[in-house]
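The chain contents come next:
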Amino acid sequence: DRIRSEQQKKGNSKFKRIFLRKSFRAANRLRTVASKIMMVEHIKDFYHSFKLLRRLNAASPDYIDEWAKIGNSINHKFINMNIEDGRIEKIAKSDDSVIFMLNHDNFERDKFMYPIFNSFLNYAYSAFGKQNVCPRPNIIVSKNFLKLAGSRFQSIYRKMGLVPIDASLTERNLDENVAPIKLLISKFAQNKSNLFIFPEGNNSIYKDKTLREKFQPGLVKIIRRILDLKSSVKIVPLGLSYGNVKNNMGNIYVGETILLRKINKNIFYIQNNGKLKDMGRVDDKNAINSMVDFLSSELEKNVIASKFEG
């Protein structure tokens, strides 16, 4: 992060630019090694369940049942999550697909949090007898993540629903990712998949910036395209945070469902009291900024709420 900050400064000499570039490459190689060590440390707890998932057809009910077991495969470790609020059960009772947006503060640890949450969600789907019809998970991740994982884990992760794209999520990158994004949107519109998205994308490396500054408009662009096919979109913020409590893998705070609907050519936020908040026209650039402000603010509130002790 410090190297990135130095690279952004104007007036660097040619020598300094070369030095910073080589330093960043060396630091990134160290980060790759550290990431693999972290992955090996935690993956041994998950690996048995992951191998079972790899052999299963994602459309089968057994696939959901095996997903539900992953959260119980973490030996001698625990997480904090506000399951007593009943929000997971409420999501599972509905037949609608959901976009889960997560903050991305810890590259090494975040990758274990959404499988754990999805395990709890799939346990609820199984409890309600929805193994055959519930949405399957699709997790949008950076292409770099699968490169770090290695060939053995790549096949497992893909079976788990990971979809590698260019994580910049800019307008240009959305065009480059048009095939996988189009398929994800189609499945979501048919209530066949839930989407897990880290809206910060590659901006997560900038630790000195706020969540709003890192929050990219790609999520909003995906929502707009979904609303061309579906009358409404449900979004649930998942706030992630980490502490120093022994054997605690981290904290997940499941936020209240955000409901967005397109009426004529405007997008509206349906508030809990049933009132409509106009977010602007779907084709208006100002509306995109307004939605980014709104969604990043909602995610930030849940990140703060996740920092409970325990």
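Model, not experiment: these values are computed from the prediction.

Asks: Just checking my understanding: could you explain the overall build of the protein chain for this structure?
Replies: Summing up its helical and strand segments, the protein chain has 12 helices and 10 strands in all. A buried classification covers 51% of the 310 residues belonging to the protein chain. At a minimum sequence separation of 6, the contacts of the protein chain that also span at least 24 residues come to 71%. By element, 51% of the accessible surface of the protein chain is carried by carbon and sulfur atoms, the whole surface being about 15600 Å².

Asks: Would you mind showing me how to read a positive patch on the surface here?
Replies: Residues Lys-14, Arg-17, Arg-21, Lys-22, Arg-25 and Arg-29 make up a contiguous surface patch of positive charge. Of note, Lys-14 is situated in helix H2 (residues 14–55).

Asks: Is there a simple way to think about helix H5 (residues 107–127) in this case?
Replies: Since the α-helix advances by 3.6 residues per turn, residues separated by three or four positions end up pointing in the same direction. End to end, H5 covers 32 Å across 21 residues, agreeing with the expected 30 Å (1.5 Å per residue, within 8%). By the criterion of burial, H5 is predominantly enclosed, with 17 of the 21 residues buried. You can read the cap of H5 off the contacts: a side-chain oxygen lies 3.0 Å from the backbone nitrogen of Arg-109, and it is on Asn-106. Trailing H5 by a residue or two, Gly-129 shows a phi angle of about 65°, which is positive.

Asks: Mind showing me how you'd approach the packing of aromatic side chains here?
Replies: Each aromatic ring pair is described using two quantities: the centre-to-centre distance and the angle formed by the ring planes. If you walk through the whole model with that rule in mind, you get 7 aromatic pairs. Between Tyr-114 and Phe-196 the ring centres are 6.4 Å apart and the planes differ by 40°, which places this aromatic pair in the tilted class. Of this pair, Tyr-114 sits in helix H5 while Phe-196 sits in strand S5 (residues 193–197), and the two are 82 residues apart along the sequence. With centroids separated by 4.7 Å and ring planes inclined at 45°, the aromatic side chains of Tyr-269 and Phe-294 adopt a geometry described as tilted. Of the two residues, Tyr-269 sits in strand S9 (residues 266–270) while Phe-294 sits in helix H12 (residues 285–305), which places them 25 residues apart along the sequence.

Asks: Would you explain the side chain of Asn-302 in this entry?
Replies: For Asn-302, the location among the structural elements is in helix H12. In this structure Asn-302 comes out as buried when scored by relative accessible area, which is 9%. In this view, Asn-302 contacts Pro-237, Gly-239, Tyr-253, Val-254 and Gly-255; residues no more than four positions away in its chain are not counted.

Asks: How do you make sense of the side chain of Ser-97 when you look at a structure like this?
Replies: Residue placement: Ser-97 occurs in the loop between helix H4 (87–93) and strand S2 (98–102). A polar side-chain atom of Ser-97 sits 2.8 Å from the main-chain carbonyl oxygen of Phe-188. Non-local contacts of Ser-97, meaning those with residues more than four positions away in its chain, are made with Pro-135, Phe-188, Asn-191, Ser-193, Asn-194, Lys-230 and Lys-234.

Asks: Is there a simple way to think about the pattern of salt bridges in this case?
Replies: A side chain of one charge can pair with a side chain of the opposite charge if their charged atoms are brought near each other. The tally for this structure, following the rule as stated, stands at 11 salt bridges. The closest approach of N and O atoms between Asp-293 and Arg-212, which form a salt bridge, is 2.4 Å. Placement of Asp-293 in helix H12 and of Arg-212 in helix H10 (residues 211–214) is noted, with a sequence separation of 81 residues between them. For Asp-293, a relative accessible area of 40% translates into the label partly exposed. By relative accessible area, which is 32% here, Arg-212 ends up partly exposed.

Asks: Can you help me understand the nonpolar core in this one?
Replies: Soluble globular proteins tend to pack their nonpolar side chains together in the buried interior. In this structure, Phe-100 and Phe-117 are the most contacted members of the largest nonpolar core, which totals 36 residues. Here the element with the most residues in this core is H5; it accounts for 8 residues. If we ignore the near neighbours within four places in the chain, the residues touching Phe-100 are Ile-91, Phe-117, Leu-121, Asn-194, Leu-195, Phe-196, Ile-197, Val-236 and Leu-238. Of all hydrophobic cores here, the second largest spans 34 residues; its members include Met-101, Tyr-269, Val-292 and Leu-295.

Asks: Sorry if this is basic, but what is going on with the packing of helix H11 (residues 218–226) against H12 here?
Replies: Helix-helix packing is characterised by the crossing angle of the two axes and by the distance between the axes. At a minimum axis separation of 9 Å, H11 and H12 run at an interaxial angle of 110°. Comparing their axes, H12 and H11 come out roughly perpendicular. Two packed elements cross with a definite hand, and for H11 against H12 that hand is right-handed. Facing H11, whose interface residues are Leu-219, Val-220, Lys-221, Ile-223 and Arg-224, H12 presents Ile-288, Met-291, Val-292 and Leu-295. When its residues are assigned to classes, the contact of H11 with H12 shows 7 nonpolar, no polar and 2 charged.

Asks: Explain the environment of Gly-218 to me, please; I cannot follow it from the model alone.
Replies: Relative to the helices and strands, Gly-218 is located in helix H11. Separated by 70 residues in sequence, Gly-218 and Ile-288 place their C-alpha atoms 9.7 Å apart.

Reading the values: the criteria
- Residues numbered from 1 in each chain as written.
- Predicted model: local features only at pLDDT ≥ 70, side-chain atom pairs only at ≥ 80, totals over all residues.
- Heavy atoms only, no water.
- Helix = DSSP H or I, 4+ residues; strand = E, 2+ residues; numbered from the N terminus.
- Buried < 20%, exposed > 50% of the residue type's maximum accessible area, 1.4 Å probe, protein only.
- Contact = heavy atoms within 4.5 Å.
- Areas by Shrake-Rupley, 256 points an atom, 1.4 Å probe, with all protein chains shown as cover.
- Patch = residues over 30% accessible without salt bridge, like charges linked within 9 Å, V, L, I, M, F, W, Y side chains within 5 Å.
- Salt bridge = Lys/Arg side-chain N within 4 Å of Asp/Glu carboxyl O.
- Lys, Arg positive; Asp, Glu negative; His and termini not counted.
- Charge placed at Lys NZ, Arg CZ, Asp CG, Glu CD.
- Expected span 1.5 Å × (residues − 1).
- Polar contact = N/O pair within 3.5 Å; in protein donor to acceptor, adjacent residues only side chain to side chain.
- Phe/Tyr/Trp six-rings, centres within 6.5 Å; stacked < 30°, edge-to-face > 60°.
- Core = buried A, V, L, I, M, F, W, Y, C linked by side-chain atoms within 4.5 Å.
- Axes fitted to C-alpha atoms, helices over the stretch in contact; angles between N-to-C directions.
- Parallel < 35°, antiparallel > 145°, perpendicular 65-115°, else oblique.
- Left-handed = near helix turned anticlockwise from the far one by under 90°.
- Nonpolar A, V, L, I, M, F, W, Y, C, P; charged D, E, K, R; others polar.

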